[in-house]
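Architecture at a glance
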Amino acid sequence: MDIIENTRELGNNIQNNELYIKMQMLERACEEDETIQNLIGELNLKRMAVHNEAQKDDRDEDKIVALTEEHQAILEKLLANEKMKQYNAVKEEFEKMMKRVNGILSKCADGEDPYECD
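The shown structure was predicted, so the numbers you read here are calculated from the model rather than taken from an experiment.

Cut-offs and rules
- Residues numbered from 1 in each chain as written.
- Predicted model: local features only at pLDDT ≥ 70, side-chain atom pairs only at ≥ 80, totals over all residues.
- Heavy atoms only, no water.
- pLDDT = per-residue confidence, 0-100.
- Helix = DSSP H or I, 4+ residues; strand = E, 2+ residues; numbered from the N terminus.
- Core = buried A, V, L, I, M, F, W, Y, C linked by side-chain atoms within 4.5 Å.
- Buried < 20%, exposed > 50% of the residue type's maximum accessible area, 1.4 Å probe, protein only.
- Polar contact = N/O pair within 3.5 Å; in protein donor to acceptor, adjacent residues only side chain to side chain.
- Contact = heavy atoms within 4.5 Å.

**Digging into the confidence of the model for the chain**
Summing up the model confidence of the chain, the mean pLDDT is 96 and the portion of residues at 70 or higher is 99%. Mean pLDDT across the secondary structure elements of the chain bottoms out at helix 1 (residues 3-15), with 96, and peaks at helix 2 (residues 18-32), with 98.

**Notes on the environment of E93**
Checked against the element boundaries, E93 lands in helix 5 (residues 82-109). With 20 residues separating them along the chain, E93 and A73 place their C-alpha atoms 26 Å apart.

**So, the nonpolar core**
If you look at the biggest cluster of nonpolar residues, it comprises 16 residues, and the most contacted ones within it are M23, L78 and F94. Counting only elements with at least two residues in this core, the list comes to helix 2, helix 3 (34-55), helix 4 (61-80) and helix 5.

**Comments concerning the side chain of E53**
Of note, E53 is situated in helix 3. A distance of 2.8 Å separates a polar atom in the side chain of E53 from the backbone nitrogen of D60. With residues near it in sequence (within four places) discarded, E53 still touches R59, D60, K63, I64 and L67.

In structure tokens form, the structure reads like this:
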């Protein structure tokens, strides 16, 4: 088995990992949740409003502050959603695992013992 085939096998193992599967299921659940999608839409519109106001030559700083506060309130509401909390927690755990995997691979490429580096 060559290095590319081993890498493909690693990729397959990652995709069959319980954490990856759970993250994908939670991501789909968030995509299908109307409340979450509405909040994301509101968040994007508010972000655009802040950006548009900030780009004006005669921008209104008070309006920018107000829009930014509204943006933050929507973001907090989105992040407080139980499905989003679950998704973000699992995604963070998955990202830690991937950082560890990448770190091990990097150290191996630098000549360290694959069974000792972490």
